[in-house]
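Observations on chain architecture
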Amino acid sequence: MRDFQGKTAFITGGASGAGLGQAKVFGDAGCRIVIADIRQDAIDAALDELRARGIAAHGIRLDITDRQAWDAAADEAERVFGPVHLLFNTAGVSIFGPIEKATYEDYDWIFGVNLGGVVNGHQALVPRMIAHGEGGHVVNTASLGAFFANSGAGIYSTSKFAVHGLSMAMRDALAKYGIGVSVLCPANISSNIAESVRTRPAHLANSGFEVDEREIAALHEIYSQGMDPEELAGHVKAAIEADRFYVIPYPEARPMLEAAFQQVLDALPPADSDLEGQEKRAKAMARYIEARREMDSDRYGEAAR
Ligand SMILES: NC(=O)c1ccc[n+]([C@@H]2O[C@H](COP(=O)([O-])OP(=O)(O)OC[C@H]3O[C@@H](n4cnc5c(N)ncnc54)[C@H](O)[C@@H]3O)[C@@H](O)[C@H]2O)c1
């Protein structure tokens, strides 16, 4: 996708940080921008900024974990600006602490927003994008934490591993409709994510972690050194234009990624070992793939092949 003029972009978390950067960059490129966010005050401030820049922008207060509200938000976006071509599932929250201290509510909050919010965005908008037939692009924000996990960021990283996998599957599924999918894996963004605990809902308040003002201040310190959200959104735009899946514009990530993938490769036996078993398994998989294609085309039509 190269022509953004007059296209509608729906951006979750669009009132702050990475999402607001996307709103500015794609608005400057000619898109009509819908920002959906859980914080009305932040939406109002962001709309002022976007409109002052000459961008056609509309705000919707949306909790991305609320499935019914998603349908209403999709209807509203289409009513105001017409069919959605670009979906940015950008909103996310984080919490840090020793994973063995986590409560069910810690898992439910982080998985609900970071993974559930992306699932809901797909469910609400992708069928509409397929139906209008004009193509488009979906950008899901994961994290470098989609490739590594440690105790302190364990729940967050696990949610981002899942967003990575879901994005890969959606890319495979949506290519035939002319809809591209990219996954954004940032290392550090200059944003307000240090404050995300303030959007945690009351019914999931029971946490195993202590998040006090000292922790929030320490996190702000890190994120204040992060990449500018507009610069990051510029990398996203280039990835959409090139229909590239991974958006990881952080050179410092190379040694960590090399080590992580080397560890995976090191776990494999030599390529020339167990040749008989390899052949048997490859043939079985090829037979299954062919059978699967036939079943899918019987059940879901020729397009599923
Ligand atoms: N900041 C970083 O260094 C960093 C690094 C890697 C990945 N990320 C990811 O980038 C994305 C954007 O985060 P950011 O850093 O710009 O943070 P941010 O806090 O500045 O922006 C996130 C926005 O999401 C909104 N939000 C939170 N919960 C929501 C909900 N339930 N429904 C709707 N909106 C909700 C917030 O109100 C906020 O405006 C997130 O997915 C985050 O996990 C951030």
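The shown structure was predicted, so the numbers you read here are calculated from the model rather than taken from an experiment.

With respect to the helices and strands, the residue His164 is situated in helix H5 (residues 154–174). Apart from residues lying up to four places away in sequence, His164 is in contact with Ala146, Phe147, Val183, Phe245 and Tyr246.

What follows covers the nonpolar core. Judged by nonpolar contacts, the single largest core of 75 residues is most densely connected at Phe10, Phe26, Ile33 and Phe88. Per-element accounting of this core gives the leading share, eight residues, to helix H4 (residues 104–132). Apart from residues no more than four positions distant in its own chain, Phe26 is found in contact with Phe4, Cys31, Ile33, Leu86, Phe88, Ala233, Val236, Lys237 and Ile240.

We now examine unusual backbone geometry. Look at Asp243: it is not a glycine, yet its phi comes out positive at around 50°. With respect to the helices and strands, Asp243 occurs in the loop between helix H7 (229–241) and strand E7 (246–247). Here Asp243 falls in the partly exposed class, since its relative accessible area comes to 39%. For Asp274, which is not glycine, the phi torsion reads 50° and is therefore positive. As for its placement among the helices and strands, Asp274 is situated in the loop between helix H8 (254–266) and helix H9 (275–300). Owing to a relative accessible area of 45%, Asp274 belongs among the partly exposed residues under this scheme.

Before going further, it helps to examine the pairing of strand E1 (residues 8–12). Burial runs high along E1: five of the five residues are buried. Of the two faces of E1, both are covered, the one formed by Thr8, Phe10 and Thr12 as well as the one formed by Ala9 and Ile11. Relative to strand E2 (residues 32–37), E1 runs parallel, the two sharing five bridges. By the bridge assignment for E2, Thr8 is matched with Arg32. Read from E1 through helix H1 (residues 17–28) to E2, the crossover connection turns out right-handed.

What follows concerns the site of the ligand. If you check the shell around the ligand, you find 29 residues, and the closest are Ser16, Ala18, Asp37, Tyr156 and Ser191. About the coverage of the ligand: the protein hides 97% of its 830 Å² of free accessible area. Of all the secondary structure elements, the ones that give two or more residues to the shell around the ligand are H1 and H5. Here the shell around the ligand is built from residues that sort into 14 nonpolar, 11 polar and four charged.

A word on empty space enclosed by the protein. Taken as a whole and judged by the stated rule, the model has one cavity of 30 Å³ or more. When its volume is computed, the largest cavity comes out at roughly 60 Å³. Taken together, Ser94, Ile95, Phe96, Ile193, Ala194, Ser196, Val197, Val211, Glu215 and Leu219 make up the lining of the largest cavity. Considering only residue class, the lining of the largest cavity consists of seven nonpolar, two polar and one charged.

For helix H3 (residues 67–81), built from 15 residues, the straight-helix expectation of 21 Å at 1.5 Å per residue is met to within 8% by its first-to-last C-alpha distance of 21 Å. Every buried residue of H3 is listed here: Trp70, Ala73, Ala74, Ala77 and Phe81. For H3, the buried positions fall inside an angular range of 100° around the axis, keeping them on one side. Facing away from the buried surface of H3 by more than 90 degrees, the exposed residues are Gln68 and Arg79. Close packing links the buried residues of H3 with E1, E2, strand E3 (57–61), strand E4 (84–89) and H4. Phi turns positive one or two residues past the end of H3, at Gly82, with a value near 90°.

With that out of the way, let us pick up the packing of aromatic side chains. For any pair of aromatic rings, geometry is given as the distance between the ring centres together with the angle between the planes. This structure, assessed with the given rule, holds eight aromatic pairs. A centroid spacing of 5.4 Å and a plane angle of 80° characterise the contact between Phe4 and Phe26, whose relative ring orientation is edge-to-face. Of this pair, Phe4 sits in the segment before E1 while Phe26 sits in helix H1, placing them 22 residues apart in sequence. On the basis of relative accessible area, Phe4 is assigned to the buried category, the value being 3%. Summarising the aromatic geometry, the rings of Phe96 and Tyr156 are spaced 6.3 Å apart at their centres and angled 55° between planes, so their arrangement reads as tilted. Of this pair, Phe96 sits in the loop between E4 and H4 while Tyr156 sits in helix H5, placing them 60 residues apart in sequence. A relative accessible area of 14% places Tyr156 in the buried class. Every member of this aromatic cluster is reached through a ring pair, and the members are Phe147, Phe245, Tyr246 and Phe261.

The rules we used
Residues numbered from 1 in each chain as written. Predicted model: local features only at pLDDT ≥ 70, side-chain atom pairs only at ≥ 80, totals over all residues. Heavy atoms only, no water. Helix = DSSP H or I, 4+ residues; strand = E, 2+ residues; numbered from the N terminus. Contact = heavy atoms within 4.5 Å. Core = buried A, V, L, I, M, F, W, Y, C linked by side-chain atoms within 4.5 Å. Buried < 20%, exposed > 50% of the residue type's maximum accessible area, 1.4 Å probe, protein only. Pairing = 2+ DSSP bridges. Right-handed = clockwise from strand over helix to strand, strands pointing away. Near = heavy atom within 4 Å. Areas by Shrake-Rupley, 256 points an atom, 1.4 Å probe, with all protein chains shown as cover. Nonpolar A, V, L, I, M, F, W, Y, C, P; charged D, E, K, R; others polar. 1 Å grid on protein atoms, 1.4 Å probe; cavity = no way out; pocket = protein on both sides within 12 Å on 5 of 7 lines; lining within 4 Å. Points joined across faces, edges and corners; volume = space filled by probe spheres on them. Expected span 1.5 Å × (residues − 1). Arc of directions from axis to C-beta. Phe/Tyr/Trp six-rings, centres within 6.5 Å; stacked < 30°, edge-to-face > 60°.

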